[in-house]
Amino acid sequence: MAATTTPAASISAGAGSGSNGGAEDRVLATAQQIVKSLNTPKEVREDMMLIFSSFDNRLSNIKTVMTDQNDALLARLEAAETIIHRWDGGNDSSRHSSSSSGNHRSSSFSLSFDGSPDEATEFLSAVDEIISLLVDLSSENKPDMVDRADSALQMAMSLLEDEFRRILIRNTVPLDAERLYGSMRRVTLSFADGDVTEDFENFGLVANGDGDGSCDLWVDLINPTAVEDLKEIAERMIRAGYEKECVQVYSTVRRDALDECLMILDVEKLSIEEVHRIDWKSMDEKMKKWIQAMKITVRVLLAGEKKLCDEIFNDSETSKEVCFNETTKGCVMQLLNFGEAVAIGKRSSEKLFRILDMYDALANVSQTLEVMVTDDFVCSETKGVLEALGNAARGTFVEFENNVRNETSKKPTTNGEVHPMIRYVMNYMKLIVDYAATLNSLLENDESEGLSRDDDTEEMSPLAKRMLRLITCLESNLEEKSKLYEDGGLQYVFLMNNIHYVVQKVKDSELGKLLGDDWVRKRRGQIRQYSTGYLRASWSKVLAALRDGSMAGGSSGSPSYGQRSNSSSSASKMALKERFKGFNASFEEIYRLQTAWKVPDPQLREELRISIQEKVIMAYRAFFGRNKSQLEGGRHAGKYIKYTPDDLESYLPDLFEGNQMVIHPRRKSS
């Protein structure tokens, strides 16, 4: 606005300077500026300039100057028009001939990839000239010239738009998923080790790490040599007012390229209904691919796309933002839609770990995504899907808890070994603790019903409390299942096997840290109690036959294994034979039954055999030593003294192997 006050001073200053050429030029320019600032029609301005010339002879040549200026503007316009028209496909016969002569030139304007860099520079200079002319003509009342300049600019923008599209398409770099997977794994491992040694550029991959284990990666999505040409075109289209068209072309081409990237990563476009119809095996594969695709899309593709937008639209913050949002919205929403479909699908225990993996994958990139993407809808959807996946994981975990609590199968294992339900639940729980951090955050506000509030549980994490509740439920379930066995000894073997299995799974995994050493010690004590219960249930009758007090006419005092009964001298051989016979039959029956029983753990199996040897074989050895002389040498002695203590001991390794056997006596006396 200062131009409205300056001319008066200039004219005043120039009036006293005689015929000085520089002063005349300044006076003339000032007069022209005054007239222009009045924004009057062309005819009125010319009349005003003539009036000015009658006041000052220095303005007498005003019409000549004005004519010269018009001629100069027209010359600039025509020169620029000539260059632009030369590149118009409809008028450029020379270009067609050069194309057919083997120069591989496209039928549109070509930059340095296909044509001469000098020609490209000439065309871009002509565009700059037209844009500059339109600025100069904005204050002139020359509608014909403005129309011609607009027409030339439209033609130039059409050519640039086509070339912009062609360069984007031709120079898109296909995604190499296999190399990318390998490179990402190496990046992760290298940062974990604190030393990045891989030459990622060999894979077309760039990695920036800040030393804290995080890493930003990107691949060249566009041939780097084309970026500068794209930037030159974008800058001119934006200056010419064709920002919308430029952004639209860029977004359309790059959106299609990102869609193709998702196809390469095996991510399909599926509706919610289609997702819900997929069988679990196929669904599991799709969820795994989604997890990888989410990481690669945000950490690599979007990071690369952001970098590309920043470079090409460096001079326009608005274009950067709009281009990136419009380009990436489709692929991000495709991933989020699948995540949402999974989150609202039917819940089942086998899905928990994949859902947790999906939750973690999205949670790990959501902050990066929110920084890059400024589209409110996409940001809102990201938060919504993350929350939905968290709810799905929490709900699936609760479903698993309910399934364990309500498991009431009445079919026991035939040989007392570990119940399939226990194996499944413990292996499931062992996997659950790998997600302790995630589940603790998801379960933080959930009430842990069914647990007593004491000092032992008060300091436990939310997940630890749930694990303890689950195992307590399992133990109650096992007690009920043990009652399905008619044989008391097999009940205890079943309980021993299953509780021992639970303890081993806890001790050999992160569950041990959650539940603590005291929990493990208590359960081991419980196993010893079950072992004592087994001996009592299975061998009490056998041991009773070996007590001297059980002999007919024996002493009424307390029975003893180590001392000869005072009434033994008066005991009949027939009673003694019956005792040997009863022991033999009981041992043979126990052997027949308990060789079929199964104790899978070698250490527990050996401990049981040792307890039998100490309690039963030792008692028989004492009984055998005291009484064999009374029957040896008699008629059919071998019928009653069928086994020596060593014979019986040799049969113990056959017990609890899960293969039913029958004793074949190894010693007979005649």
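Residues numbered from 1 in each chain as written. Predicted model: local features only at pLDDT ≥ 70, side-chain atom pairs only at ≥ 80, totals over all residues. Heavy atoms only, no water.

Under an unreviewed UniProt entry, the name given to the protein chain is Exocyst subunit Exo70 family protein, and the organism recorded is Brassica campestris. The protein chain has a UniProt comment under Function (unreviewed entry) that states "Component of the exocyst complex." Check the Sequence similarities (unreviewed entry) section of the UniProt entry for the protein chain; it says "Belongs to the EXO70 family." (UniProt positions renumbered as here; feature names shortened; annotations may be inferred.)

Asks: Account for the overall build of the protein chain, with residues named and values stated.
Replies: Tallying secondary structure elements over the protein chain gives 26 helices and two strands in all. For the protein chain, the residues scored as buried account for 46% of the 670 residues in total. For the protein chain, contacts bridging at least 24 residues in sequence account for 73% of all contacts bridging at least 6. For the protein chain, the computed accessible surface area is about 33600 Å², with 48% contributed by carbon and sulfur atoms. (Helix = DSSP H or I, 4+ residues; strand = E, 2+ residues; numbered from the N terminus. Buried < 20%, exposed > 50% of the residue type's maximum accessible area, 1.4 Å probe, protein only. Contact = heavy atoms within 4.5 Å. Areas by Shrake-Rupley, 256 points an atom, 1.4 Å probe, with all protein chains shown as cover.)

Asks: Could you give me a rundown of the pattern of salt bridges, with the residues and numbers involved?
Replies: Evaluation of the coordinates by the stated rule reveals 38 salt bridges. Notably, a salt bridge pairs Arg-239 with Glu-235, separated by 2.5 Å at the nearest N-O pair. With a gap of four residues between them, Arg-239 and Glu-235 both fall in helix α9 (residues 224-239), about one helical turn apart. Residues Glu-475 and Arg-523 are paired through a salt bridge, measuring 2.4 Å at the closest nitrogen-oxygen approach. You can see Glu-475 sitting in helix α19 (residues 462-482) and its partner Arg-523 sitting in helix α22 (residues 517-546), a full 48 residues away along the chain. (Salt bridge = Lys/Arg side-chain N within 4 Å of Asp/Glu carboxyl O.)

Asks: Could you give me a rundown of empty space enclosed by the protein, with the residues and numbers involved?
Replies: Summed over the entire model, instances satisfying the criterion amount to two cavities of 30 Å³ or more. If you trace the largest cavity, you find it lined by Asp-266, Val-267, Glu-268, Leu-270, Lys-286, Lys-289, Trp-290 and Phe-338. With three residues, helix α12 (residues 280-312) is the single largest residue contributor to the lining of the largest cavity. Each residue belonging to the lining of the largest cavity can be placed in one class, and the counts come to four nonpolar, no polar and four charged. (1 Å grid on protein atoms, 1.4 Å probe; cavity = no way out; pocket = protein on both sides within 12 Å on 5 of 7 lines; lining within 4 Å. Points joined across faces, edges and corners; volume = space filled by probe spheres on them. Nonpolar A, V, L, I, M, F, W, Y, C, P; charged D, E, K, R; others polar.)

Asks: Quick rundown of the nonpolar core? Include the residues and the values.
Replies: Of all hydrophobic cores here, the largest spans 173 residues; its most connected members are Phe-164, Met-426, Ile-432, Met-467 and Tyr-534. With 14 residues, α12 is the single largest residue contributor to this core. In this structure, Ile-432 is in contact with Leu-352, Phe-353, Phe-397, Phe-400, Leu-439, Leu-463 and Met-467, ignoring residues within four places of it in sequence. (Core = buried A, V, L, I, M, F, W, Y, C linked by side-chain atoms within 4.5 Å.)

Asks: Account for the packing of aromatic side chains, with residues named and values stated.
Replies: Enumeration over the complete set of coordinates arrives at 16 aromatic pairs. Ring centres of Phe-583 and Tyr-620 lie 4.4 Å apart, and the angle between their planes is 15°; on these two criteria the pair is classed as stacked. Separated by 37 residues along the polypeptide, Phe-583 in helix α23 (residues 573-594) and Tyr-620 in helix α24 (residues 602-631) bring together distant segments of the chain. By the burial criterion, Phe-583 is buried, and Tyr-620 matches it. Every member of this aromatic cluster is reached through a ring pair, and the members are Phe-353, Phe-400, Tyr-424, Tyr-428 and Tyr-435. One cation-aromatic arrangement involves Lys-306 over Phe-324; the distance from NZ or CZ to the ring centre is 5.3 Å. (Phe/Tyr/Trp six-rings, centres within 6.5 Å; stacked < 30°, edge-to-face > 60°. Lys NZ or Arg CZ within 6 Å of the ring centre and 35° of its normal.)

Asks: Residue-level account of the packing of α12 against helix α14 (residues 352-372), with values.
Replies: Each pair of packed helices can be described by the angle between their axes along with the distance between the axes. Where α12 contacts α14, the axes come no closer than 10 Å and their chain directions differ by 15°. Judged by the angle between their axes, α12 and α14 are roughly parallel. You can see that α12 and α14 cross each other, and the crossing is left-handed. (Axes fitted to C-alpha atoms, helices over the stretch in contact; angles between N-to-C directions. Parallel < 35°, antiparallel > 145°, perpendicular 65-115°, else oblique. Left-handed = near helix turned anticlockwise from the far one by under 90°.)

Asks: Before we move on, could you go through the environment of Trp-519 and cite the residues and values that matter?
Replies: Positionally, Trp-519 belongs in helix α22. Beyond its immediate stretch of four places on either side in the chain, Trp-519 contacts Leu-468, Ile-471, Glu-475, Val-502, Val-503 and Val-506.

Asks: Give a detailed account of the side chain of Lys-351, specifying residues and quantitative values.
Replies: Here Lys-351 is to be found in the loop between α13 (317-343) and α14. Buried Lys-351, no salt bridge; nearest opposite-charge side chain is Glu-350, N-O distance 6.3 Å. Setting aside residues no more than four positions away along its own chain, Lys-351 makes contact with Trp-280, Met-287 and Lys-346. (Lys, Arg positive; Asp, Glu negative; His and termini not counted.)

Asks: Provide a residue-level description of the packing of α13 against helix α15 (residues 376-405), including the pertinent values.
Replies: The geometry of α13 relative to α15 is characterised by a closest axis approach of 9 Å and an angle of 25° between their N-to-C directions. Taken as axis vectors, α13 and α15 run roughly parallel relative to one another. Between α13 and α15 lies a crossing whose hand is left-handed. Here Lys-329, Val-332, Met-333, Leu-336, Gly-339, Glu-340 and Ala-343 of α13 lie close against α15, whose contacting residues are Phe-377, Val-378, Glu-381, Thr-382, Val-385, Ala-388, Leu-389 and Ala-392. Residue classes in the contact of α13 with α15 are distributed as 10 nonpolar, two polar and three charged.

Asks: So what's going on with helix α10 (residues 243-264)? Residues and values would help.
Replies: Structurally, the α-helix is built with 3.6 residues per turn, so residues lying three or four positions apart point the same way. In this model α10 runs 31 Å from its N-terminal to its C-terminal C-alpha over 22 residues, within 8% of the 32 Å that 1.5 Å per residue would give. Inspection of α10 places Cys-246, Val-247, Val-249, Tyr-250, Ser-251, Val-253, Arg-254, Ala-257, Leu-258, Asp-259, Cys-261 and Leu-262 among the buried residues, and these make up the whole buried set. Here the buried face of α10 lies against α7 (143-170), α9, α12 and α13. In the stretch just after α10, Asp-266 is the one whose phi turns positive, near 65°. (Expected span 1.5 Å × (residues − 1).)

Asks: Describe helix α16 (residues 420-432), with residues and values.
Replies: The terminal C-alpha atoms of α16 lie 18 Å apart, and with 13 residues this matches the ideal 18 Å at 1.5 Å per residue to within 8%. For α16, the complete set of buried residues consists of Met-421, Ile-422, Val-425, Met-426, Tyr-428, Met-429 and Ile-432. Buried residues in α16, looked at end-on, bunch into an arc of 160°, giving them a common side. (Arc of directions from axis to C-beta.)

Asks: Help me get a handle on the environment of Lys-307, residues and values and all.
Replies: Along the chain, Lys-307 turns up in helix α12. For Lys-307, a relative accessible area of 31% puts it in the partly exposed group. The spacing of Lys-307 and Lys-320 is 13 residues in sequence and 9.7 Å in space, taken between C-alpha atoms.

Asks: With reference to specific residues and values, describe the environment of Gly-330.
Replies: Within the fold, Gly-330 resides in helix α13. In this structure, the C-alpha to C-alpha distance between Gly-330 and Leu-258, residues 72 residues apart in sequence, is 8.4 Å.

Asks: Lay out unusual backbone geometry with the relevant residues and their values.
Replies: With a phi close to 65°, Asp-266 is a non-glycine residue in the positive phi region. A relative accessible area of 44% places Asp-266 in the partly exposed class. Non-glycine residue Phe-656 carries a positive phi angle of around 65°. For Phe-656, the position within the fold is in the segment after α26 (645-651). Look at Phe-656 and you get buried, because its relative accessible area is 0%.

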